[in-house]
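Structural features, examined
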Amino acid sequence: MKVLLIGSGGREHALASALNRDPQLEELHVAPGNPGILEIAKCHPLDINDNAAIVKLAKELAIDLVVIGPEKPLVNGVADALAKEKIACFGPSKAAAQLEGSKDFAKKVMHDAGVPTAKSFTCRNQTEIESALDKFGPPYVVKHDGLAAGKGVVVTEDRAFAIEHALQSEQVVIEEFLDGPEVSLFGISDGKFVIPMQPAQDFKRAFDGDLGPNTGGMGAYSPLPWAPDEIIEETLEQVLNPTIAEMAARGTPFVGLLYAGLALTSRGTKVIEFNARFGDPETEVLLPRLESPLAQLLYAAATGNLEDFGGLLWRKESAVTVVLASAGYPAAPIIGEPIMGIKTNDHSTVFHAGTELKDGLLHSAGGRVLAVTGLGSDLTEARDAAYRTISKITLHGSHYRSDIALNASVAEKGN
Ligand code: AMP
Ligand code: GLY
């Protein structure tokens, strides 16, 4: 099988590594890729927002399967452009990608499918905004309707700030605050059938103790020793299956990865958000544990044959991913600094997220620079492996959280 993967982050590096392990993979092409991916696949320069260029490259390379990493090309309709040329694509159509592209759309689908989620109002002016905020009270949750690269959601006690944030977008979703731990659970879907992956937890705040601003994600771990055993089955039945069925019933089947961001509240599991693609850094923590052949899995999903694929096999080890971020991230990342000291071993992998080569030397090129995943017999060992590797990397002014999976590892040891 010849696969073309679109994207250039840590998620795509982890996808490329896992695709490479599939014995049926013949060629792996990535566009545009990054210096880490370049070591394991053929990279091609490309504007990921140019659908025609993606189709052209897939045709030139006689690709069997295109896998789309980021949300933007999906919302731009790249899957539809590939479908026109009869090229299999793992990633939803433009219409189905609205599950991520519009919070209001996602809410309507959840409502019609009977999927548990926070109560919400969609508002378009100040009167509606204030009335919704006062209906729910603090903490206020305000979400811009469209794609916002992680900057669209505000959770605040400050009513004036909530209004200010809401007025920055033409349409906002204001919803009740959900209390309880957050879990990310991914479903692979062929439009009719869903295979759930294992749950992971990511750390969205910039600094230890969940302090500081929201980020794209500073780390993750999986599995979750504290989570109820039935979480996968329950999410499949209450969230993933009904959503996929609803999308099919609307005539816009969802083919690809349905990312359910869940809150485990005292009143049951509720959906915080849907994404239409693999999460980042959850992918970096999940895929090193996946034993099932990823190219075959994604091809089965893209061609409507998932039901025959069977369940997924996972390594027994735990995994912990720690993200190395540039100085100033997330507000104003300083990039272009040299990176040194990357050494992997049997227990850890370094995924490139925002790097570039300058005169053959590795430099930072983004807010999140590297994602280091450690594997171990439990979370404590996995943490040790990840932190041993990341602590040897030098990048001027960079920072990483020291408490990724810490509480869960202590609780696990206590059991
Ligand atoms: P989203 O982009 O919808 O995932 O929101 C980003 C982050 O905001 C989530 O991961 C949560 O930490 C927080 N958040 C979103 N919606 C809610 C909610 N209804 N209640 C509490 N926190 C929320
Ligand atoms: N980990 C959060 C995201 O991928 O959106």
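For clarity, every value in this text was computed on a predicted model and none was experimentally measured.

1. Focus: the overall build of the protein
Regarding its fold elements, the protein presents 14 helices and 24 strands. Over its C-alpha atoms the protein spans a radius of gyration of 20 Å, differing by no more than 12% from the 22 Å that the globule rule assigns to 415 residues. With the C-alpha coordinates aligned to their principal axes, the bounding extent of the protein is approximately 55 × 45 × 45 Å. A burial count over the protein gives 57% of its 415 residues as buried. Taking all contacts inside the protein whose residues are at least 6 apart in sequence as the whole, residues at least 24 apart take part in 68%. Total accessible area computed for the protein in this model is approximately 17200 Å², and 51% of it derives from carbon and sulfur atoms. The positive charge centre, built from 37 side chains, and the negative charge centre, built from 54, are 2 Å apart in the protein.

2. Focus on the environment of Thr122
Looking at the secondary structure, you find Thr122 in strand E6 (residues 120-123). With a relative accessible area of 31%, Thr122 lands in the partly exposed category. Put simply, Thr122 and Asp112 are 10 residues apart on the chain and 16 Å apart in space, counted from C-alpha to C-alpha. Those residues in contact with Thr122, other than ones at most four positions away along the chain, are Asp104, Glu128, Gln171, Val172 and Val173. At a separation of 2.7 Å, a polar atom in the side chain of Thr122 contacts the side chain of Asp104.

3. A closer look at the site of ligand 2
Every residue near ligand 2 is listed here: Asp202, Tyr259, Asn275, Arg277, Gly279, Asp280 and Glu282. Here a nitrogen atom of ligand 2 and a side-chain polar atom of Asp202 are 2.8 Å apart. Within the contact set of ligand 2, an oxygen atom lies 2.8 Å away from a side-chain nitrogen or oxygen of Arg277. Relative to its unbound accessible surface of 200 Å², ligand 2 loses 89% to contact with the protein.

4. As for the nonpolar core
Counting 68 residues, the largest nonpolar core has Ile6, Val66 and Phe274 as the members making the most contacts within it. Tallying contributions element by element places helix H10 (residues 231-249) first for this core, with six residues. When residues no more than four places from it in sequence are discounted, the contact partners of Val66 are Leu4, Ile6, Ala58, Leu82, Ile87, Ala88, Cys89 and Phe90. Within the second largest apolar cluster, 41 residues are counted, among which are Ala16, Ala41, Tyr259 and Leu375.

5. What to know about helix H3 (residues 51-60)
Those residues of H3 lying buried are Asn51, Ile54, Val55, Leu57 and Ala58. Each buried residue of H3 sits inside an arc of 165 degrees when the element is viewed along its axis, so together they form one side. Of the exposed residues in H3, those oriented more than 90 degrees away from the buried face are Ala52, Lys56 and Glu60. If you follow the buried residues of H3, they end up packed against strand E1 (2-7), strand E2 (27-32), strand E4 (65-68), helix H4 (71-75) and helix H5 (78-84). In this structure Asp50 caps H3, since a side-chain oxygen of it lies 3.2 Å from the backbone nitrogen of Ala52. Phi for Ala62, located one or two positions after H3, is positive at around 50 degrees.

6. Section: the state of the cysteines
By the definition in use, this model includes zero disulfides. Among the cysteines around Cys43, which has no disulfide bond, Cys89 carries the closest sulfur, lying 19 Å off.

7. Focus on the packing of aromatic side chains
Here the distance between the centres and the angle between the planes together describe a pair of aromatic rings. Applying the stated criterion to the full structure yields six aromatic pairs. Of the aromatic side chains, those joined through ring pairs into one cluster are Phe90, Phe186, Tyr259 and Phe278. For the cation-ring pair, Arg277 lies above Tyr259, with the distance from its terminal atom to the ring centre recorded as 5.9 Å.

8. Observations concerning the sheet that holds E6
Spatially, E6-E9-E7-E8 is the arrangement adopted by the four strands of the open sheet, whose pairing is antiparallel. At either margin of the open sheet sits one strand with a lone partner, and together these are E6 and strand E8 (153-156). Adjacent strand axes in the sheet meet at a mean angle of 20 degrees when their direction is disregarded. Here four bridges tie strand E7 (residues 140-144) to strand E9 (residues 172-175), and the two strands are oriented antiparallel to one another. Of the residues in E9, the one forming a bridge with Val142 is Ile174. Contacts between helix H8 (residues 126-136) and the sheet are confined to E6, E7 and E9, with E6 contributing the most and set at about 165 degrees to the helix.

9. A short note on the pairing of strand E14 (residues 211-214)
Pairing geometry for strand E13 (residues 205-207) and E14, over two bridges, is antiparallel. By the bridge assignment for E14, Phe207 is matched with Leu211. The loop that links E13 with its antiparallel partner E14 comprises three residues; one of these, Gly209, has a positive phi angle of about 75 degrees.

Reading the values: the criteria
- Residues numbered from 1 in each chain as written.
- Chains lettered and ligands numbered in written order.
- Predicted model: local features only at pLDDT ≥ 70, side-chain atom pairs only at ≥ 80, totals over all residues.
- Heavy atoms only, no water.
- Helix = DSSP H or I, 4+ residues; strand = E, 2+ residues; numbered from the N terminus.
- Rg over C-alpha atoms; globule rule 2.2 N^0.38 Å.
- Buried < 20%, exposed > 50% of the residue type's maximum accessible area, 1.4 Å probe, protein only.
- Contact = heavy atoms within 4.5 Å.
- Areas by Shrake-Rupley, 256 points an atom, 1.4 Å probe, with all protein chains shown as cover.
- Lys, Arg positive; Asp, Glu negative; His and termini not counted.
- Charge placed at Lys NZ, Arg CZ, Asp CG, Glu CD.
- Polar contact = N/O pair within 3.5 Å; in protein donor to acceptor, adjacent residues only side chain to side chain.
- Near = heavy atom within 4 Å.
- Core = buried A, V, L, I, M, F, W, Y, C linked by side-chain atoms within 4.5 Å.
- Arc of directions from axis to C-beta.
- Disulfide = S-S within 2.5 Å.
- Phe/Tyr/Trp six-rings, centres within 6.5 Å; stacked < 30°, edge-to-face > 60°.
- Lys NZ or Arg CZ within 6 Å of the ring centre and 35° of its normal.
- Pairing = 2+ DSSP bridges.
- Axes fitted to C-alpha atoms, helices over the stretch in contact; angles between N-to-C directions.

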